[in-house]
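Here's the letter readout for the chains.
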Amino acid sequence: MENECFVPAEPTACIDERQFSIMTTGKNKSRIHCADDSLAGAVSQRACVYSGARVVLNPVTDAVHLVHGPIGCAAYTWDIRGSLSSGPEMFRQSFSTDLKERDVVFGGEKKLVACIDEVVEKYHPPAIFVYATCVVGLIGDDIVAVCKEASERHGIDVIPVESSGFISGNKIVGYRAAGEALLKLIRPEEGETVEKTRKLNFLGEYNLGGEKWLVERYLAEMGVEINVAFTGDSTVAALKKAPGACLNLVQCSGSMHWVAMSLEKEYGIPYIDVNFFGAENTAESLRKIARFYGDEEIVRRTEALIEREMERVRPVIAKYRAKLAGKRAAIYVGGAFKALAIIRQLQELGMEVMFTGTQTGKPEDYEQIGNIVSEGTVVIDDANPAEIEKFLLEKNVDMMAGGVKERFLAHKLGVGFVDHNHDRKDGLAGFDGAIRFASEVYATTCSPVWERVKKNPFEEAEG
Amino acid sequence: MLDCTPKEPLQKDAHTIGKINPIKTCQPVGAMYAALGIHGCLPHSHGSQGCCSYHRMALSRHFHEPAMASTSSFTEGASVFGGAANLKTAIKNVFAIYNPEIIAVHTTCLSETIGDDIPTIIKQSEVPEGRYVIHANTPSYHGSHITGFSNMCKGIVSYLAESNGSEKKERANIFPGFVNPGDMREIKRIVTEMGVPSIMYPDTTGVMDSPMRDTYEMYPRGGATIEDIKDSGNSKMTLSLGAWSSDEAAATLQSKCGVPGVPLRIPIGVKATDDLIMAVKEGFGVDVPESLEVERGQVVDTLIDVHYQYEGKKVAVFGDPDIMVPLAEFLITMGMIPKYVVTGTPGNKFEKTVNGMLEEAGIEESRVRAEGDLFDLHQWIKEEPVDLLIGNTHGKYIARAEDIPLVRVGFPVFDRAVHPLMPIVGYKGCLRLIEMISNVLLERRDRDSLDEDYELIL
Ligand code: SF4
Ligand code: SF4
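(A) Fine view of the overall build of chain B. The number of helices and strands found in chain B is 17 helices and 14 strands. By the compact-globule yardstick of 23 Å for 458 residues, chain B fits well, its C-alpha radius of gyration being 23 Å. Along the three orthogonal principal directions, the C-alpha set of chain B runs to about 75 × 55 × 45 Å. Across the 458 residues that make up chain B, the buried fraction comes to 62%. Within the structure as shown, chain B displays about 17,000 Å² of accessible surface, and the carbon and sulfur contribution to it stands at 50%. A gap of 5 Å separates the mean positions of the 43 positive and 61 negative side-chain charges of chain B.

Structural data, given as structure tokens:
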């Protein structure tokens, strides 16, 4: 079966049906089912297709993101991803068709048309992404046709994003829908071509906490220029120049591999995988890029940069390592790509990873995770809070890296927490990010507050 | 450049078609919050998991607490064959795994559009002895999160409250409305201070403001117990706080168990707090204790002492109707001018109520809107600016674009902490509001003043 990679060595599950979603690494390789749908009745941490599509496209800063659906789907995604922009702030406004009962009964197409017209009149955006939510999928509005007509009427790109969520709870389907929308946006008009350059595209970079800018600075020092990022701090005009790049960097495997492959097929742009989480990963990635350009000067500058930065990072990591060595960590993040990177960083800090999981991992990812963690580590797919609670306690975890849904549970369990998701406010990428991450892990793991938790005089008094 | 509205004010009045920067969200999040106010309750979202994740996330971000809720996890099958099978399996699984005392099911747009018949499905489900499953329909293409809160409150009453027919007990039911646990705690304190026993529900104290304990409890110790909720049918009266969030539930309890409901405002400001206290006094024939008189006296004293710090300033307020109405009233008491008052929740009643208050106060040229959004509000501010903005986190874009101080009140507040524990209701809440408002105005004054105008004593 495609979705299986390991067999459970020792069923650690809380729910029978979920035993194949959890494994403990050990001598006999077990298999994990990952793309399984969440159970009915689960307190799932998973999001939806629309949410997957939205997080990928949201950082297109000058586009209008119009959510076709009832109000909530738009309200909850209003500027929730901390992508930064160096210019336009259009993407931080929330547009919703605010569907009402009569729209659900008679169809919402007319309203969508009216909303598009209104938005164009008020803001003159260069492009509008129109997101389909579940309800729209159910009532069968033809958003593709509406968008096509609107494009012609207004002479701008009005791009449908087919992200009806109920098709699957898996965000990856949403990433794909976003990818398709992006490809549509950048495809040159018949007869037009985009001039080729020596610049590169940076796929899967969303400029959270200014991370794109950070990597951009490293690249500039090496003598390499970013054409456009998909999609952090991007504009519609910049994205349309994407076919002119000579190389694609792919950072987030979950969301952008398919786009990279399509770009290769359509425009002959090769791609390489990079990973800027952690100093070692950053150095490796920069070297890879330098090798691709094959220019001696670039290689020389790259080595100089890495040497200088590593010298800066090393003592800091060593300092924190002294305090964190032996502490126990847990990870629960969206994609396996990130989980792997965080495991590596925590290990560099001398910490032990007791428990790791993702929302959308693929079998290969889980196999890779299984290879780098030590024996006895719990690996889990689509963990629910009961499972997270169980393993945090059982494994006596000191610190967890995850997203907002895990934060307060971890806190209540007396576990420190670092946000490695949309709510992170400072960049965690590159050399600077490695330092920042180490300091955040230290700050939360060794916070003085835990002393007060442990030493509760009232309880001692009660004996 | 965080302008959410074109630089030049549009000639045409605000838009009417969709929403740009809404002041409302969807029903289920309100229903989920209400359900969390029952002890041992796991809210259940009947729809796809995406919605449920969003609602939990919104509550977690505001309250800084885990917000537990399960989902029917719809996939394509459910949309074709209906969600009955999903819900039945979900109910079975939830009791088996999470072991709540009660499951409170709310619908989503998805299950509403499909048309699942929840009561029938619940009847056909396996519910263990002594456990409960209740429900509320919460279609988001109607109303707002406040409607959802109200619907779940009504659901709680219809499923659980009972009257044993004997004489009513000297006890008040309190329906607090969609407010923070800090507010609920304060309202209970006031009524207790008057010597009247009470049952509050929903009651999220001890749930969404739960303390750190030795061991984590999935169902924290707070919340109204099922036993109390049942017995609320035998109370003497219901203090129904907030027309939009509580009145329907109170009316249901009145017709079901014959407990008369007293419609009141959420006690924000002196007048609304006075009204609550008078209702308790009259309803139960008790005296107002000295302690509350002192509290009131302190508020009035403070208002007299510092009124020059804010009097005459123009304010734009936006948020949920049950908070906006008494808040606008308090601003009038403070001598401020509620220039713009906007809610995202639909209903003409809002405009009528607020306009009536403004008229009575002789305030002209204010603008009031129900079912508005922040696009409208920003347009108005561009046309004629204000000195202060009061509302939820989403106001921060306007605050920055127009350089207006923002006092955070309402839901959601995602960018500050501690607020869910601190009341804005009661006399204590008056003091807190006065402090927050005058602090931001004075800080602004300090910041803007030239060296020669910079004063030590204000
Ligand atoms: S589909 Fe409805 S219930 Fe779900 S998030 Fe959207 S508005 Fe809310
Ligand atoms: S309705 Fe669908 S698109 Fe909207 S939040 Fe729910 S799962 Fe996501």
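(B) Molecular detail of the environment of tyrosine 454 of chain B. Residue and element names in this part refer to chain B. Among the secondary structure elements, tyrosine 454 is positioned in the segment after helix 17 (426-448). According to the relative accessible area criterion, tyrosine 454 is exposed, its value standing at 54%. In this structure tyrosine 454 touches Asp446 and Ser449, once residues within four positions along its chain are discounted.

(C) Spatial organisation of unusual backbone geometry. Following phenylalanine 230 of chain A, the chain continues to threonine 231 of chain A via a peptide bond in cis, the omega torsion being 5 degrees. Here phenylalanine 411 of chain B and proline 412 of chain B are connected by a cis peptide whose omega angle stands at 0 degrees. Checked against the element boundaries, proline 412 of chain B lands in the loop between strand 14 (406-408) and helix 17. With a phi close to 50 degrees, serine 73 of chain B is a non-glycine residue in the positive phi region. Position of serine 73 of chain B among the secondary structure elements: in the loop between strand 3 (70-71) and helix 3 (76-81).

(D) Quick peek at the side chain of serine 94 of chain A. As for its position among the elements, serine 94 of chain A is in the loop between helix 2 (71-75) and strand 3 (95-96). What makes serine 94 of chain A buried here is its relative accessible area of 2%. Those residues within four positions of serine 94 of chain A in sequence are excluded, and the remaining contacts are Ala74 and Trp78 of chain A together with Lys19, Ile20, Asn21 and Pro22 of chain B.

(E) Inspection of the nonpolar core at higher detail. Phe129 and Phe230 of chain A together with Leu59, Tyr201, Leu239, Ile390 and Ile437 of chain B are the most contacted members of the largest nonpolar core, which has 148 residues in total. Discounting chain neighbours no more than four positions away, the residues touching phenylalanine 230 of chain A are Leu182, Ile186, Phe202, Leu203, Gly204, Glu205, Tyr206, Leu239, Ala242, Met256, Val259 and Leu263 of chain A. By size, the runner-up hydrophobic cluster in this structure holds 61 residues, among which are Leu247, Val274, Ile317 and Leu428 of chain A.

(F) Focus on the site of ligand 2. In the region of ligand 2, the neighbouring residues are Cys48, Tyr50, Cys73, Thr133 and Cys134 of chain A together with Ser48, Gly50, Cys51 and Tyr54 of chain B. Near ligand 2, residues from chains A and B are present, making the site a shared one. Ranked by residues supplied to the shell around ligand 2, first place goes to helix 2 (residues 49-63) of chain B with three residues.

(G) Highlighting the domain arrangement of chain A. Residue and element names in this part refer to chain A. Looking at the assigned domains, one finds that chain A contains domain 1 (49-185) and domain 2 (200-303). In this assembly, 26 residues from domain 1 lie in contact with 22 residues from domain 2. A combined buried area of about 1,900 Å² lies between domain 1 and domain 2, and 67% of that area is made up of carbon and sulfur atoms. Seen at the junction of domain 1 and domain 2, the total is one salt bridge. The residue lysine 240 makes a salt bridge to aspartate 157 at a minimum N-O spacing of 2.8 Å. At the boundary of domain 1 and domain 2, one finds eight residue pairs in polar contact (both at pLDDT 80 or more). Elements with a contribution of two residues or more to the side of domain 1 that touches domain 2: helix 1 (49-57) and helix 7 (171-186). The dominant element in the side of domain 1 that touches domain 2, judged by the number of residues it contributes, is helix 7, at seven residues.

(H) Up close: helix 7 (residues 145-160) of chain B. Residue and element names in this part refer to chain B. An ideal rise of 1.5 Å per residue puts 22 Å on 16 residues; helix 7 measures up with 22 Å between its terminal C-alpha atoms. Counted residue by residue, helix 7 has 13 buried out of 16 residues, so it is predominantly covered. Two to three positions downstream of the cap, the backbone nitrogen of isoleucine 146 sits 3.1 Å from a side-chain oxygen, assigning the N-cap of helix 7 to serine 144.

(I) Examining the site of ligand 1 more closely. Around ligand 1 lies a shell formed by Pro70, Gly72, Cys73 and Tyr76 of chain A together with Cys26, Pro28, Cys51, His55, Thr108, Cys109 and Ser140 of chain B. Contributions of two or more residues to the shell around ligand 1 are made by helix 2 of chain A together with helix 2 of chain B. Each residue belonging to the shell around ligand 1 can be placed in one class, and the counts come to seven nonpolar, four polar and no charged.

(J) View of the sheet that holds strand 4 (residues 127-132) of chain A. What the five strands build is an open sheet, ordered 5(A)-4(A)-2(A)-3(A)-1(B); its pairing is mixed. Each edge of the open sheet carries a strand with a single partner, namely strand 5 (157-161) of chain A together with strand 1 (19-20) of chain B. Looking at chain direction, strand 2 (residues 64-68) of chain A and strand 4 of chain A are connected through five bridges and run parallel. In the strand pairing of strand 4 of chain A, histidine 65 of chain A is matched with phenylalanine 129 of chain A. Each of strand 2, strand 4 and strand 5 of chain A is contacted by helix 1 of chain A, which is oriented at about 165 degrees to strand 4 of chain A, the strand it contacts most.

(K) Broad picture of the sheet that holds strand 7 (residues 198-200) of chain B. Residue and element names in this part refer to chain B. Strand order across the open sheet formed by four strands is 7-6-8-9, with parallel pairing between neighbours. In this open sheet, the two strands that pair with only one neighbour each are strand 7 and strand 9 (261-264). Averaged over all neighbouring strand pairs, the angle between strand axes comes to 20 degrees, with direction disregarded. Summarising the sheet, strand 6 (residues 169-175) and strand 7 pair through three bridges and their orientation is parallel. Pairing of asparagine 173 across the sheet is with isoleucine 199, part of strand 7. Packed onto the sheet, helix 11 (residues 270-284) meets strand 6, strand 8 (235-241) and strand 9 and runs at close to 170 degrees relative to strand 8.

(L) Summary view of the interface of chain B and chain A. In this complex, chain B contributes 70 residues to the contact, which on the side of chain A involves 65 residues. For the pair chain B and chain A, the summed buried area comes to about 5,900 Å², and 63% of that belongs to carbon and sulfur atoms. When the area that chain B buries against chain A is broken down by residue, the three leading residues are Tyr54, Tyr141 and Tyr216 of chain B, summing to 13%. The tally of links from chain B across to chain A stands at four salt bridges.

(M) Local environment of the pattern of salt bridges. This model, assessed by the stated rule, comprises 54 salt bridges over all chains. Taking the shortest distance from any N to any O, the salt bridge between arginine 187 of chain A and glutamate 266 of chain A comes out at 2.7 Å. Within this pair, whereas arginine 187 of chain A is found in the loop between helix 7 and strand 6 (200-205), its partner glutamate 266 of chain A is found in helix 10 (residues 253-267), the two being separated by 79 residues in sequence. For lysine 396 of chain B, the salt bridge is made with aspartate 415 of chain B, and the minimal N-O distance between the two is 3.0 Å.

(N) Molecular detail of the confidence of the model for chain A. All names here are of chain A. The pLDDT averaged across chain A works out to 86; a share of 88% of its residues lies at or above 70. For chain A, strand 1 (residues 22-24) is the element with the lowest average pLDDT, namely 65, and helix 9 (residues 236-240) is the one with the highest, namely 97. Segment residues 1-15 is flagged for pLDDT under 50; beyond a separation of four residues in sequence, or across chains, it makes 47 contacts in the model. The model gives residues 27-35 a pLDDT under 50, and that stretch makes 49 contacts with residues more than four places away or in other chains.

Basis of the calculations
Residues numbered from 1 in each chain as written. Chains lettered and ligands numbered in written order. Predicted model: local features only at pLDDT ≥ 70, side-chain atom pairs only at ≥ 80, totals over all residues. Heavy atoms only, no water. Helix = DSSP H or I, 4+ residues; strand = E, 2+ residues; numbered from the N terminus. Rg over C-alpha atoms; globule rule 2.2 N^0.38 Å. Buried < 20%, exposed > 50% of the residue type's maximum accessible area, 1.4 Å probe, protein only. Areas by Shrake-Rupley, 256 points an atom, 1.4 Å probe, with all protein chains shown as cover. Lys, Arg positive; Asp, Glu negative; His and termini not counted. Charge placed at Lys NZ, Arg CZ, Asp CG, Glu CD. Contact = heavy atoms within 4.5 Å. Core = buried A, V, L, I, M, F, W, Y, C linked by side-chain atoms within 4.5 Å. Near = heavy atom within 4 Å. Domains from an automatic or database assignment. Buried area = accessible area lost by both parts, 1.4 Å probe. Salt bridge = Lys/Arg side-chain N within 4 Å of Asp/Glu carboxyl O. Polar contact = N/O pair within 3.5 Å; in protein donor to acceptor, adjacent residues only side chain to side chain. Expected span 1.5 Å × (residues − 1). Nonpolar A, V, L, I, M, F, W, Y, C, P; charged D, E, K, R; others polar. Pairing = 2+ DSSP bridges. Axes fitted to C-alpha atoms, helices over the stretch in contact; angles between N-to-C directions. pLDDT = per-residue confidence, 0-100.

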